[in-house]
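# Summary of structural features
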Amino acid sequence: MAEVDLRGVSKGYKDTTAVDDLSLHIKDREFVALLGPSGCGKTTTLRMLAGFIRPDSGQILIDGKDVTNVPPERRPTAMVFQSYALWPHMTVADNIAFGLRLRRLPKTEVEDRTGRMLEVVGLPGVMKRYPSQLSGGQQQRVALARALVLGPKILLLDEPLSNLDAKLRVRMRDEIRRIQQELQITTVYVTHDQEEALTMADRIAVMNKGVLQQVGDALDIYDRPATAFVADFIGSSNLLSGTLRLAGPTAVAQVGEARVPVEADGLPDGAAVTVSARPEDMEVLRAPAPDAFRLEDPRLVNFGAYKRLLGRHPAFGQLEARVPKAFALGKEPVYLRFTRARAFTSDEGDRS
Amino acid sequence: MAVVTSARAVGRPRRLDRSRAAGVLLVLPSLLYLTVFVFIPVIKAFATSFTVRDRDDAGNYTYRVGLDNYNQLIASDTLRSNVIFTVFIAVASVSIVFVIAYVIALALRFGRGPSARFLGRIYIVPLFIPSVIASYAMITFLANHGFVDGILQAIGLPDGVFPKIVFDWKGIVITQVWLSLPFMTVLLSSVLLEISDSLIESARDVGASSWQIFRHIVLPLSAPGALIGVTFIFLGVIGGFTVPYLLGPNAPQMLGVSMVYYMTNYFEPYIASTQAVAIFLLSLVAAVYYVRQQFKREIR
Amino acid sequence: MAAQVPALPAIRLSWWIDDARIRRMLLRLFAAALAVFIGIPLLTLVLWSFAGEWFWPNLIPTQWSLRWWQEVLENPRVTNAMFLSFTIAPVVTLLTALVAIPAGYAFARLDVPFRRTLLLLFLIPNAFPRIGLYVSLAVLYYQIGLIDTYWGIVFLHMIGTMVYMTWITTATFRSIDPHLEEAARDAGASPLRAFFSVVLPLAMPGIIVASLFSFLASVDEAQGTLIVGTPHYITMPVLLYTLISSFQRPVAAVFSVLLALPSLLLLIVAQRYLHSEYVAAGLGRV
């Protein structure tokens, strides 16, 4: 069993708070992605899990044991560094075997495990080579093998794919996921790339400015963002500000000249809200409607499988909608209606 | 019909020629200087060492080429023990300063807190003290009835027990360590800086203790660069004059000192030159290694 | 998944390094020992220079006095030696700079034939034991009449400084982005103008460090000057040799302090240039 429990973990530096009161529970064998822009605290959190940084407050528990003060060499975690951190003066085999030899395993067992792990990561036959003789993708796999060969309870990955080119990245994404599934190991994966997070992880923890915004699976995060930040960061959103009006069970936001039906869990009547709507949740009308916006200077951008309709709104700036590829603009004005929108309190932006 | 072919069309582009000419011109003065004041003396030293001066029955000097000087170097007990003494001191000094400097460099690289910062300020001081002064300071510090002797006797050491350090090999080694410390530390510091933090962290992550990280990661990765510093110090100590002159015993002498004596006191430039070449040959391996490594690191 | 890998046994050997408290204490002891090793010898000299009377076994002088300072500063031999040392050093530094800076620029930027071999040759003075070189040079001086002359000493001092200067300036010029120079040329500056307006100012920190070390090397130079400078040209270090040998302790101590003062002053003044990279460039790369 390998569960991770972060309870109220905080870490601050001279004038910034890197991580602010973070609480997160990671289940056994789960693949959790820490997702957010640079500076959001995800790497700091990961390094606290690994033991390289001591939190200012809060606790870190692995399988119920408090490891907050345990140094990295004694934690059941293994990390794959962003730069791979392969020791340049050792061969691939020595890099992987290093930890095994520290534990005084017999030579045959060391060789056995090293060879097997290289097969698991798909790299048989590079044992005698040096890191400088390997490609980026191969180095990455070696780093992975080195971490996994010790049979850690928790695997930590710090933006492992950021140094690879686009095509290789997609391939390695699947590889890492496959290996994780095969070994059934609890994994925490830090990335700023939402595509990676959405495609690889069981659950995603979105962070911004040190604060955990939302934890959920891909559908939760995408379809039911908990904060304006999540709505904006994941996929694309149009964000507009308005006032909330409750009329019984239905919620409507007065956004500029339109009254837009919104999902607004628990927000009070009259609240200043940010309304977010995804481009694919828009309908284009050729005539005005009470819940539609007039789009000025409309133009189309062709993406092949679909088109984007871009335009300006005098109050809200740039708006965009996704339209089918056959869509064409005529001379008449266009209006956008939101078929689905969420409302968040205006001042929150950062807290869930 | 005449075909006019421009000479320029088939020649090299002018720009490159100008660059080469300028390059040669700019380097020439320094090259000239080195030839006259370094290369020629070195060649002369070699030539002189193979020149044997005989006195014939009429009292005239005759000169011939021969290995007699070298034979004398090996056969003479004094000279032979000088050679051994020189090598011994060089090896001892280099080993000790390496260890101390490495500790300082490690503290500077990985240490935090006031002690590390203090070390960072103080290790550079000997660099600014001329070797003559350092030698003299060490004499007053380490002599019998000097400062250290005084302190030890104040806490109970009986008189006369303090070992002879000044005018002894120990004095030379200690002073050379003192003088070489800044250089060695700076070099090791810059070498350690090249080892990125993530290499250390990943070793900790797989469970290595500080000692194991040092032995398996830091030391091997720092070795090539460290060796440059070691060879440089070795070359300096083996060819040193000031420190052994002021702090050394009368016998055996380091080759640098005996060389000068043969030159200025005995007026024997031939044996003196032979000793110069001997020092050079002793440090040849170090010199070659130094030049090759320095070259590899600097020229890309 | 495969059977668990055994946990690491407690590492007995280095528990004392890993314990932060013990490590801190050891480091503190080491720093204190080093402070004593480096500082106290120098302190003793300073004490001796102010010692009116200092008999064994007192740990500090029994009587303080300024009379040795007076004696030294009034001694014409001393003042002459000081004058000589501090006028030779700038000349040496300047000459070396004039010769080495163009060479450094050429090595860094221009197409010099046999560039690699030449740079290698510049390392020879360091590879051949210095005293052997000086002795051989003395023989040469006898033959060409440079023995016991001002310029003989200057040229000898330049051996040490030339190596520093050339390598440091080469490295410094190489580190300057060539585009900066090209932009100056593009704006209409001649190569010479571009050099003086753009390249030289940017190279200044490195050149200053190199000049500093050259200056110090010249002031410190004792062994070669002893051989080729006697009997008429006695620099400070050479004079110190005689003073030390004749056991005039307080006088020699005063003189040492005098000789060390400019160097230490330079240390303080140059603090801001003394980053690890620069000092490494000054020492390690040469």
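Presented here is an overview of the structure given in this document. (Residues numbered from 1 in each chain as written. Chains lettered and ligands numbered in written order. Predicted model: local features only at pLDDT ≥ 70, side-chain atom pairs only at ≥ 80, totals over all residues. Heavy atoms only, no water.)

A few words on the overall build of chain C. Tallying secondary structure elements over chain C gives 14 helices and 2 strands in all. Taken as a whole, chain C presents about 13100 Å² of accessible surface, with 67% of it coming from carbon and sulfur. (Helix = DSSP H or I, 4+ residues; strand = E, 2+ residues; numbered from the N terminus. Areas by Shrake-Rupley, 256 points an atom, 1.4 Å probe, with all protein chains shown as cover.)

Moving on, we get to the overall build of chain B. Summing up its helical and strand segments, chain B has 14 helices and 2 strands in all. For chain B, whose C-alpha radius of gyration is 26 Å, the value lies well above the compact-globule estimate of 19 Å for 300 residues. Referenced to the eigenvectors of the C-alpha coordinate spread, the extents of chain B come out at roughly 110 × 80 × 30 Å. Residues counted as buried form 54% of the 300 residues belonging to chain B. Intrachain contacts of chain B at a sequence separation of at least 6 include 67% that bridge at least 24 residues. By element, 64% of the accessible surface of chain B is carried by carbon and sulfur atoms, the whole surface being about 13600 Å². A gap of 15 Å separates the mean positions of the 23 positive and 15 negative side-chain charges of chain B. (Rg over C-alpha atoms; globule rule 2.2 N^0.38 Å. Buried < 20%, exposed > 50% of the residue type's maximum accessible area, 1.4 Å probe, protein only. Contact = heavy atoms within 4.5 Å. Lys, Arg positive; Asp, Glu negative; His and termini not counted. Charge placed at Lys NZ, Arg CZ, Asp CG, Glu CD.)

Facing 15 residues of chain B, the contacting portion of chain A comprises 21 residues. Both faces combined, the contact of chain B with chain A buries some 1600 Å², and carbon together with sulfur accounts for 63% of it. Our count for the chain B to chain A interface comes out at 2 salt bridges. One salt bridge in this structure joins A:Arg47 and B:Glu201, with 2.6 Å as the shortest N-O distance. The tally of links from chain B across to chain A stands at 9 residue pairs in polar contact (both at pLDDT 80 or more). (Buried area = accessible area lost by both parts, 1.4 Å probe. Salt bridge = Lys/Arg side-chain N within 4 Å of Asp/Glu carboxyl O. Polar contact = N/O pair within 3.5 Å; in protein donor to acceptor, adjacent residues only side chain to side chain.)

For the rest of this paragraph, the subject is the sheet that holds strand E14 (residues 272-277) of chain A. All names here are of chain A. Taken in spatial order, the 5 strands of this open sheet run E13-E12-E11-E14-E20, and their pairing is antiparallel. Where the open sheet ends on each side, the last strands, each with one partner, are strand E13 (258-261) and strand E20 (342-345). Strand-to-strand, the axes of this sheet are offset by a mean angle of 45°, without reference to chain direction. Where strand E12 (residues 250-255) and E13 come together, 4 bridges link them in antiparallel fashion. When the bridges of E13 are listed, Val-252 appears paired with Pro-261. (Pairing = 2+ DSSP bridges. Axes fitted to C-alpha atoms, helices over the stretch in contact; angles between N-to-C directions.)

By the element assignment, C:Val135 lies in helix H7 (residues 130-144). The contacts of C:Val135, once residues within four sequence positions are left out, are B:Met259, B:Val260, B:Met263, B:Ala272 and C:Ile227.

Turning our eyes to something else, we now look at the packing of helix H2 (residues 92-102) of chain A against helix H4 (residues 136-148) of chain A. The description of two packed helices rests on the angle between their axes and on the distance between the axes. All names here are of chain A. Direction vectors running N to C along H2 and H4 enclose 25°, while the axes themselves pass 8 Å from each other. Classified by the angle between their axes, H2 and H4 sit roughly parallel to one another. Crossing handedness for the pair H2 and H4: right-handed. Of the residues in H4, those in contact with Val-92, Asn-95 and Ile-96 of H2 are Val-142, Ala-145 and Arg-146. (Parallel < 35°, antiparallel > 145°, perpendicular 65-115°, else oblique. Left-handed = near helix turned anticlockwise from the far one by under 90°.)

Moving on, we get to the interface of chain B and chain C. At the interface, 100 residues of chain B touch 98 residues of chain C. A buried area of about 9000 Å², summed over both sides, lies between chain B and chain C, and 79% of it is on carbon and sulfur atoms. There are 0 salt bridges connecting chain B and chain C. Summed over the shared surface of chain B and chain C, the result is 8 residue pairs in polar contact (both at pLDDT 80 or more). A breakdown of the residues in the side of chain B that touches chain C according to their chemical character gives 71 nonpolar, 22 polar and 7 charged. (Nonpolar A, V, L, I, M, F, W, Y, C, P; charged D, E, K, R; others polar.)

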